[in-house]
Amino acid sequence: MASTIPDPHPDTRAVHDTPPPADRAGRIEVHGIDHIPERERRGRARELFVVWAAANVNYLSLVVGGALILMGLSLWQALGVIIVGNLFWVPVGLLAVSGPASGTPSEVIMRAMFGVRGNRVNIAVTGWVICICYIALNLAAAALAAFSLVEKVGIVPNAGVKIAVVMVIAALTLAISVYGHATIMKLYLPITVALTAAFAVLAFSVLGHTDFGYEPAQPLTGSALWAALAGGITLIASGPLSYTNSADFSRYLPRTTSPKAIVGWTSLGGFLPGVVVTSLGAFAATAVDMTDPQTALETILPSWFTPVFLLALVLGTISINAMTAYSSGLALQAVGVCIRRSLSVMVDGILGVALTLYALLVSNFLDTVGNVLQLTVVLLGPSTAVYATDILLRRNRYDGLALTDETSDSPYWFTAGVNWAGALALTAGTAAAALCVNTLYTGPLARALGGVDLALPVGIAVASAVYATLMRRSRDGLGMAQRA
């Protein structure tokens, strides 16, 4: 039984001081989706900050910041959207508290919400498939920066060179993912420091060209303005909401680690760099055309810094992709594929590389994938809401060993392996969000509101309300919430 009572002296426990053999930097992590025994737990909540910071000092955040200006927002409207959108890192921090409470990753904890069988379907869609898409998108972003870098050193980026570049970046990414949790925790502090230094130089150059009084030539008003604001918040929030797997990186912390500290350090690790880097993209867009961000930024950067900037883009993308690949490997196991975590990471990496090469060399398929990922909030918003609501209902009490039991005797088996409260809540939230979305298509409610996309708040509210209501009315569900 997990406890939410924090240890009054959490940093003095001997277990924090000596890394156990099962999870040591430089060795392949042996654990997958199995339960982490208390004797193998270590670390402090503040270590989560650098993990999430390293993953969020990246090129895509610059692109999103520039996109807000291209959508027709003024600079100060864009900055407001950036702050509000990044507040969705707080739910990511909340989800992370379930890791130490259970000693299992998010992909297993969600059996409490959807049942053993129901969660396989949930993870296959909201976890594994989306992870593969993000691996491909991030790998493509890193590859494009690397193509420019090799061109600057005099190498023509033909098809053979491009394939080699993608393979090298993928190898570095997958190596970190295969070695796993301890290696990530060890590497991401120096990576965060290096990226912070590079982006500090970028900030100095960008701020020197920023028009702080920027207004679009034709300012948006009325429903057009509200549509742009709502769309911008959804675009920003899609980043945090893609991390419903935050417990994957906190589950090695001792059970007695303060939940408030976990929420705080996880949230700050995503929020601060998210706000700063995305704001830099918006600042840059007041001075240059960010329809081609990489080329545009090079026009305002010192010539000596351009190669450093490109390397930083590659390093930042490797950081975020290593975490994505790590979780995708856990997701593949949670779907029911009996394979070691290290091998599952390699399988997912190969799929991501194949998708990336096809997109870069054969078609514009990644453009389609990118558009589809804009719709992920329709699923991920309700999924996050169900997860967060369950944590609150159970008061973060999870039986980690019981969660790993996949038999019909499991207390998380529910009815035929499905917790219908979670399944119906996710379905209702997704359906409600789909009515309000305005991305690849315009839902009827969004059309009635003049294009204002309320998919995010509506999907979250409906999913949370339905789940809380059904769980409280369900004798089995409520009993589990009380006994766990």
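Everything in this summary refers to the structure shown in the same document.

1. A closer look at the overall build of the chain
- Scanning the chain from N- to C-terminus turns up 22 helices and zero strands.
- Rg of the C-alpha trace for the chain: 22 Å, near the compact-globule value of 23 Å for 484 residues, within the 12% margin.
- Counting only C-alpha atoms and orienting by the principal axes, one finds that the chain spans roughly 60 × 55 × 45 Å.
- The buried share among the 484 residues of the chain stands at 57%.
- In the chain, the proportion of contacts linking residues at least 24 apart, taken out of those at least 6 apart, comes to 84%.
- Summing over all exposed atoms, the chain offers an accessible surface of approximately 18,900 Å²; the carbon and sulfur share of this is 67%.
- When the 27 positive and 26 negative side-chain charges of the chain are each reduced to one mean point, those points stand 9 Å apart.

2. Let's talk about the packing of aromatic side chains
- Per the counting criterion, the structure on display carries nine aromatic pairs.
- Where Trp 304 meets Phe 305, the ring centres are 5.6 Å apart and the plane angle is 70°; that geometry is what we call edge-to-face.
- Look at Phe 305 and Phe 309: their rings are 6.3 Å apart centre to centre, the planes differ by 35°, and that puts the pair in the tilted class.
- We classify Phe 305 as buried; its relative accessible area is 2%.
- An aromatic cluster of at least three residues, connected via ring pairs, comprises Trp 52, Trp 89, Tyr 243, Phe 249 and Tyr 326.

3. Points about the state of the cysteines
- Overall, the coordinates contain zero disulfides when judged by the stated rule.
- The closest cysteine sulfur to the non-disulfide-bonded Cys 131 is located on Cys 133, 9.4 Å from its own sulfur.
- Lacking any disulfide linkage, Cys 338 is separated from the closest cysteine sulfur, that of Cys 131, by 19 Å.

4. Quick word on the packing of helix α19 (residues 420-436) against helix α21 (residues 455-473)
- Their axes nearest at 8 Å, the elements α19 and α21 cross at an angle of 160°. Judged by the inter-axis angle, α19 sits roughly antiparallel to α21. Here α19 runs over α21; the crossing is right-handed. For the pair formed by α19 and α21, the contact residues are Trp 420, Ala 421, Gly 422, Leu 424, Ala 425, Ala 428, Gly 429, Ala 432, Ala 433 and Cys 436 on the first element and Ala 455, Val 458, Gly 459, Val 462, Ala 463, Val 466, Tyr 467, Leu 470 and Met 471 on the second.
- Among the residues forming the contact of α19 with α21, the class breakdown is 16 nonpolar, three polar and no charged.

5. Looking at a nonpolar patch on the surface
- On the surface, a cluster of nonpolar side chains totalling about 330 Å² of accessible area is made up of Trp 76, Leu 207 and Phe 212.
- Counting through the fold element by element, Leu 207 comes out in helix α10 (residues 181-207).

6. Topic: the side chain of Asn 419
- With respect to the helices and strands, the residue Asn 419 is situated in the loop between α18 (400-403) and α19.
- For Asn 419, a relative accessible area of 4% translates into the label buried.
- Not counting residues up to four positions away in its chain, the partners in contact with Asn 419 are Ala 112, Met 113, Phe 114, Gly 115, Phe 414, Tyr 467 and Met 471.

7. What to know about the nonpolar core
- If you look at the biggest cluster of nonpolar residues, it comprises 111 residues, and the most contacted ones within it are Leu 62, Met 113, Tyr 188, Phe 199 and Leu 202.
- Of all the elements, helix α14 (residues 306-335) adds the most residues to this core, at 13 residues.
- If we ignore the near neighbours within four places in the chain, the residues touching Leu 202 are Leu 62, Leu 280, Leu 301, Phe 305 and Phe 309.
- Membership of the second largest hydrophobic core comes to eight residues, among which are Tyr 134, Val 377, Leu 380 and Leu 456.

8. Remarks on unusual backbone geometry
- Positive phi, normally seen in glycine, also occurs at Arg 395, with a value near 55°.
- Relative to the assigned elements, Arg 395 resides in the loop between α17 (376-394) and α18.
- Relative accessible area serves as the criterion here: at 49%, Arg 395 is assigned to the partly exposed category.

About the criteria used
- Residues numbered from 1 in each chain as written.
- Predicted model: local features only at pLDDT ≥ 70, side-chain atom pairs only at ≥ 80, totals over all residues.
- Heavy atoms only, no water.
- Helix = DSSP H or I, 4+ residues; strand = E, 2+ residues; numbered from the N terminus.
- Rg over C-alpha atoms; globule rule 2.2 N^0.38 Å.
- Buried < 20%, exposed > 50% of the residue type's maximum accessible area, 1.4 Å probe, protein only.
- Contact = heavy atoms within 4.5 Å.
- Areas by Shrake-Rupley, 256 points an atom, 1.4 Å probe, with all protein chains shown as cover.
- Lys, Arg positive; Asp, Glu negative; His and termini not counted.
- Charge placed at Lys NZ, Arg CZ, Asp CG, Glu CD.
- Phe/Tyr/Trp six-rings, centres within 6.5 Å; stacked < 30°, edge-to-face > 60°.
- Disulfide = S-S within 2.5 Å.
- Axes fitted to C-alpha atoms, helices over the stretch in contact; angles between N-to-C directions.
- Parallel < 35°, antiparallel > 145°, perpendicular 65-115°, else oblique.
- Left-handed = near helix turned anticlockwise from the far one by under 90°.
- Nonpolar A, V, L, I, M, F, W, Y, C, P; charged D, E, K, R; others polar.
- Patch = residues over 30% accessible without salt bridge, like charges linked within 9 Å, V, L, I, M, F, W, Y side chains within 5 Å.
- Salt bridge = Lys/Arg side-chain N within 4 Å of Asp/Glu carboxyl O.
- Core = buried A, V, L, I, M, F, W, Y, C linked by side-chain atoms within 4.5 Å.

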